[in-house]
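# Per-entry structural report
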Amino acid sequence: MKLVTRAQLGWPASAAPTQATAKGVKVHYEGAPVSTKLLTDHQACISQWKAIRASHLANKTENYSDVAYNYAACPHGYLLEGRGLGKRTGANGNQPLNVAHYAVVGLVGSSGLTEPTDAMLGAIRDGIELLRAHGAGAEIKGHRDGYATACPGGPLYTWVQNGAPRPKSEEDDPMAGLTKLDIFNAVWKTDAIAAPSDATDIKTNPNWQALSVLRDTQARVRSMDKRVAAMSAAITALAGQVGKGAGTSTIVAAVEAAIEHAVIDVNINTKEA
C-alpha cells in the first residue's frame, strides 16, 4: 500500500464526526471532467485531491466538515487520506447512507480521464481493506446503490459489481503502479551501508547507500585497470630490453615511458560518462 497521509498533505486532523463501524464501503468517482494529465503527473493527482477538499469546505449548502470521502485513489496507485479511519463519510447522499458505508473515491470522472488504471483499482482495494481492518463490514457497493446518481460511473461500477477484485496485473507484478522514483527509493535508499575506512568522505559521510558502493566499486575497478596496464607495460618493456645489453638507466627509462603511456591510455578509455 502506498499511503499519502493527511500530515503529508499538510492537513490537520479531520473534524468529521467519529464513526467506529459501518456495513461496508461505497465506491465513488468525481462526477465531473477529470484531466488525463493525472495519468503522467502524480503531483497533479495531489493538487486535484487538495482542490476537491477545498471545494467541499467552501460548499456552504452541504456544510462539509472536511473532504467528503474517507480516502481517494489515484492512477499511480496511491491511496490518499481524506477523513481517514473511524470517521463518518459525507459522500453517500444523505445521513442514513453516510452512516451505513464509508467512502473511497477513484480520481476519474465523467469525461477526460474516465477509465481507472489497474494501479487505481489496486489502491481502491487497499482503501477497502484498510477500512475493513478498522470497522467496515464486508459490503462493497457503488454510490448509485441506494441513491439516484450516475456515480461511480460505468467502468468503476462494473468493477464493483464483479466483486471489486484486485487487478491481475498487480497480483502478477508487485512493482505495478510504482513510479521511477518509487523504484529508485526502494532499490537505492532502503539500507544504509557502512562506508569503507579509506573512503574520501568517511568523516562527513560514514554511512553510504548502495549507489555509493557502486560508484566506489567503479572507481576501484578503474584504478585496478591502471595498475594492471602499468604492470603489463613494465613487463613488455623489460622483455624488450632482454638481450640488448642495455644499461640500467636505459631499461628504467623504457619501463617508465611504457607505464606512463599505459596509464594515459587507461584514463582516456575508462573515463566516466
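Refer to the structure above for everything that follows.
Residues numbered from 1 in each chain as written. Predicted model: local features only at pLDDT ≥ 70, side-chain atom pairs only at ≥ 80, totals over all residues. Heavy atoms only, no water.

The next thing to look at is the packing of aromatic side chains. Scanning the entire structure with this criterion turns up two aromatic pairs. Their ring planes at 40° and their centres at 6.1 Å tell us that W11 and W49 sit as a pair that is tilted. Taken together, the residues span a long stretch of sequence, with W11 in the loop between helix 1 (6–9) and strand 2 (22–28) and W49 in helix 2 (residues 42–57) at a distance of 38 residues. One exposure class covers both W11 and W49, and it is buried. (Phe/Tyr/Trp six-rings, centres within 6.5 Å; stacked < 30°, edge-to-face > 60°. Helix = DSSP H or I, 4+ residues; strand = E, 2+ residues; numbered from the N terminus. Buried < 20%, exposed > 50% of the residue type's maximum accessible area, 1.4 Å probe, protein only.)

Moving on, we come to helix 4 (residues 118–132). The first and last C-alpha atoms of helix 4 sit 21 Å apart over 15 residues, in line with the 21 Å expected at 1.5 Å per residue. Of all 15 residues in helix 4, twelve are buried, a share of seventy percent or more. (Expected span 1.5 Å × (residues − 1).)

It is worth spelling out the pairing of strand 5 (residues 101–106) at this point. When you tally the buried positions in strand 5, you get six out of six residues, the bulk of the element. Burial of strand 5 is two-sided: the residues H101, A103 and V105 facing one way and the residues Y102, V104 and G106 facing the other way are all buried. Bridge count between strand 2 and strand 5: five bridges; the pairing is parallel. What sits directly across from V25, in strand 5, is Y102. The pairing of strand 3 (residues 71–73) with strand 5 spans three bridges and is classified as parallel. Within strand 5, the position partnered with A72 by the bridge is V105. (Pairing = 2+ DSSP bridges.)

Cis rather than trans, the peptide bond between C151 and P152 has omega equal to 15°. For P152, the position within the fold is in the loop between strand 6 (136–142) and helix 5 (154–161). Non-glycine residue N63 carries a positive phi angle of around 55°. Of the residues examined, N63 reaches a relative accessible area of 59% and is grouped as exposed. Phi at A164 takes a positive value of approximately 50°, unusual for a residue other than glycine. Along the chain, the position of A164 falls in the loop between helix 5 and helix 6 (168–172). Note on A164: relative accessible area 0%, which makes it buried.

In summary, the side chains of a regular strand alternate between the two faces of the sheet. Burial along strand 4 (residues 78–81) is two-sided: the residues Y78 and L80 and L79 and E81 are all buried. Pairing analysis gives three bridges linking strand 1 (residues 2–4) to strand 4, with the strands arranged parallel. Bridge pairing in strand 4 places K2 opposite Y78. Pairing of strand 3 with strand 4 involves three bridges; the strand directions are antiparallel.

With that settled, the discussion passes to the environment of V213. Take V213: it is sitting in helix 8 (residues 210–241). C-alpha of V213 to C-alpha of P196: the two residues are 17 residues apart in sequence and 9.1 Å apart in space.

For helix 5, every residue scored as buried is listed here: L156, Y157, W159 and V160. Along the axis of helix 5, the buried positions cluster into a sector of 155°, meaning they face one direction only. Those residues of helix 5 that are buried lie in contact with strand 2, strand 5, helix 4 and strand 6. Following helix 5 by one or two positions, G163 adopts a phi angle in the positive range, close to 100°. (Arc of directions from axis to C-beta. Contact = heavy atoms within 4.5 Å.)

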